[in-house]
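# Fold and geometry: a report
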Amino acid sequence: ADTLFSALCHPSLSVSGQSGLHELCRQARDGELLLSDSMPWKDGRFYLPKPCVSSEGRREVPAGQRKAIKKLAWIPVDTFARFSGSLRGGEPFDAGSVNAVFGVSSETAKVRIVPGDDSEPYQIGLFSFSDASGLWFIAGCASEEQGKQLQTLIEYLGISGIGGEVSSGYGKFGVEDVIYLNEPFDEVTAWLMNALTRSDTDRYLLLSASLPSEEELETLLQTAEYQLIKRSGFVRSDSYAAEARKKQSQIFLAAGSVLDSRFGSRLYEVGEAGRHPVYRFSGPIMLGVEL
């Protein structure tokens, strides 16, 4: 989610200038813009990160099935109720039936040309999605107009690309469809809308790599089941400094973490001695779930 937000700042500046960029940052800071991490989809089926929870049941499960559950990273939305039921002692979840292949990983060699010095070869990792597969994410907007503006920025971002090596032509994408979850049309969209808005549960599945405030964190971690992820990287801005500068690193809660309550949005200042502020986004999207 923080990578996506940072990438959106570039088309925002190009399309709307400084005022548009400042407005995007204000929306993020005030919780008017929320973003999930990107998650895979395949053949029209949407997947969620496997929750970081342990089973309450003591049912004997064959070793092969236990290994399949352990390796499983993504769970289809339409099977989430069965998965959560298995954690509470219900029928074992058949991980093999939902373990999808979304594409193929590979590596390619590149050469960094350094004037007056030896060239430096290096490897980059690539991922190619298979047919009828891709990434999806959830965006929360405060108004319909804001949602339209966000769609425009995402379309511009698809042209320029996101991620590493965009200067080499990688990271370009097209928008397959836009689904309005406040207008659900089937069981999956109805389940997602209910989970996004419900407040009658004591477990919330985090869909965005994000970091609560110190005050919130102290309380949340007492009962949370979570994984951590390091967020770092370089500032991609010619106006920030003459040379590439690193952002300050932070440790975020990873998507898939399970907490007992929702927490608020933050926009962290992570720049160091540059010509303009550099922010890292933390606007969590969470699902109220039974686990």
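Described in the following lines is the structure provided in the data block. (Residues numbered from 1 in each chain as written. Predicted model: local features only at pLDDT ≥ 70, side-chain atom pairs only at ≥ 80, totals over all residues. Heavy atoms only, no water.)

## A few points about the overall build of the protein chain
For clarity, the cut-off: Numbering of helices and strands runs from the N terminus, with a helix taken as a DSSP run of H or I at least four residues long and a strand as a DSSP run of E at least two residues long. Using C-alpha atoms as the atom set, the radius of gyration is obtained and then compared with a globule rule of 2.2 Å times the number of residues to the power 0.38. Contact definition: two residues touch when any of their heavy atoms are within 4.5 Å.
From N to C terminus, the protein chain includes six helices and 15 strands. The globule rule puts the C-alpha radius of gyration for 291 residues at 19 Å, and the 20 Å found for the protein chain is close to it. Taken over the C-alpha atoms alone, the protein chain extends approximately 65 × 40 × 40 Å along its principal axes. Relative to all contacts within the protein chain whose residues are 6 or more apart in sequence, the contacts with residues 24 or more apart total 71%.

## Some thoughts on a nonpolar patch on the surface
We apply this condition: Patches draw on residues past 30% relative accessible area with no salt bridge. Two like charges within 9 Å are joined, as are two nonpolar side chains (Val, Leu, Ile, Met, Phe, Trp, Tyr) within 5 Å. Residue burial considers only the protein chains on display, and all accessible areas are found by Shrake-Rupley using a 1.4 Å probe. What makes a salt bridge here is a side-chain nitrogen of Lys or Arg within 4 Å of a carboxyl oxygen of Asp or Glu, nothing more. Burial here depends on accessible area, computed with a 1.4 Å probe over protein chains only, as a share of the maximum for the residue type. Under 20% is buried, over 50% is exposed, and the range in between is partly exposed.
Among the surface-exposed residues, F173, V175, V178 and Y180 lie close enough to one another that they form a single nonpolar patch of about 340 Å² accessible area. Relative to the elements of secondary structure, Y180 occurs in the loop between α4 (144-160) and α5 (187-197). Taking relative accessible area as the criterion, Y180 reaches 44% and is therefore assigned partly exposed.

## Some words on the pattern of salt bridges
All chains considered together, the criterion is met by 12 salt bridges. Residue R26 is joined to E23 by a salt bridge in which the shortest nitrogen-to-oxygen separation is 2.9 Å. Here R26 and its partner E23 are both found in helix α1 (residues 2-29), three residues apart, which amounts to about one turn of the helix. According to the relative accessible area criterion, R26 is partly exposed, its value standing at 27%. E23 sits in the partly exposed class, given a relative accessible area of 32%. Across the pair R203 and E225 runs a salt bridge, and its minimum N-O distance is 2.6 Å. Of this pair, R203 sits in the loop between α5 and β9 (204-206) while E225 sits in the loop between α6 (214-220) and β10 (228-231), placing them 22 residues apart in sequence. On the basis of relative accessibility, which here comes to 11%, the residue R203 falls in the buried class.

## Section: the packing of α1 against α4
Heads up, the condition is: For helices, the fitted axis covers only the stretch in contact; all axes are lines through C-alpha atoms, and the angles between them, taken along N-to-C directions, range from 0 to 180 degrees. Should an angle fall under 35 degrees it is called roughly parallel, over 145 degrees roughly antiparallel, and 65 to 115 degrees roughly perpendicular, with every other angle called oblique. Working rule for handedness: look at the near helix, and if it is turned counterclockwise from the far one by less than a right angle, call the crossing left-handed; if clockwise, right-handed. Under this grouping Gly is polar, as are all residues other than the nonpolar Ala, Val, Leu, Ile, Met, Phe, Trp, Tyr, Cys and Pro and the charged Asp, Glu, Lys and Arg.
Between α1 and α4, the least distance of the axes is 9 Å, while the angle of their chain directions is 125 degrees. One way to sum up the angle between α1 and α4 is to call them oblique. Judged by the sense of rotation from one axis to the other, the crossing of α1 with α4 is right-handed. Contact residues: α1 offers L4, A7, L8, P11, S12, V15, L24 and Q27, while α4 offers Q146, L150, L153, I154, Y156 and L157. Here the residues of the contact of α1 with α4 are counted per class, giving 11 nonpolar, three polar and no charged.

## What about the layout of surface pockets?
Defined as follows: Using protein atoms alone on a 1 Å grid, points that fit a 1.4 Å probe yet trap it form a cavity, whereas open point sets bounded by protein on both sides within 12 Å along at least five of seven lines form a pocket; residues with an atom within 4 Å of a point count as lining. Grid points are joined across faces, edges and corners, and a volume is the space filled by probe spheres set on the points.
Each pocket or cavity is described by its volume, and for the second largest pocket that value is around 1,200 Å³. The wall of the second largest pocket is formed by 35 residues, among which H10, F234, V235, R236 and K247 lie closest to the centre. Those elements that provide at least two residues to the lining of the second largest pocket are α1, β10 and β14 (279-282). Among the elements that make up the lining of the second largest pocket, the one with the highest residue count is α1 (13 residues). Grouping the constituent residues of the lining of the second largest pocket by class yields 14 nonpolar, 13 polar and eight charged.

## Focus on the packing of aromatic side chains
Filter applied, for reference: Classification of ring pairs rests on two measures: the distance between centres of Phe, Tyr or Trp rings, Trp counted by its six-membered ring, which must be within 6.5 Å, and the angle between planes, read as stacked under 30 degrees, edge-to-face over 60 and tilted in between. Note on criteria: charge over ring means Lys NZ or Arg CZ within 6 Å of the ring centre, with the direction from the centre no more than 35 degrees off the ring normal.
This model, assessed by the stated rule, comprises eight aromatic pairs. Site record: aromatic cluster; members linked through ring pairs are F80, F83, F93 and W191. Lying over the aromatic face of Y279, R29 brings its terminal NZ or CZ to 5.5 Å of the ring centre. For the cation-ring pair, R112 lies above Y122, with the distance from its terminal atom to the ring centre recorded as 4.6 Å.

## Considerations on the nonpolar core
Quick note on the threshold: Side-chain atoms within 4.5 Å link the members of a nonpolar core, which is a set of buried Ala, Val, Leu, Ile, Met, Phe, Trp, Tyr and Cys residues.
Residues L48, L207 and L287 are the most contacted members of the largest nonpolar core, which totals 26 residues. The set of elements that each furnish at least two residues to this core consists of β2 (39-42), α3 (80-87) and α5. Those residues in contact with L287 that lie beyond four places of it in its chain are L48, W191, L192, A195, L196, R203, Y204, L205 and L207. Residues A28, I154, L157 and F281 belong to the second largest nonpolar core, which totals 18 residues.

## Some points on the environment of G31
Looking at the secondary structure, you find G31 in the loop between α1 and β1 (33-35). Placed 75 residues apart in sequence, G31 and S106 show a C-alpha to C-alpha distance of 38 Å.

## Some points on α3
Taking burial as the measure, the eight residues of α3 include six buried ones, the bulk of the element. By the burial criterion, the buried members of α3 are F80, F83, S84, G85, S86 and L87. Just past α3, the residue G89 takes up positive phi, approximately 100 degrees.

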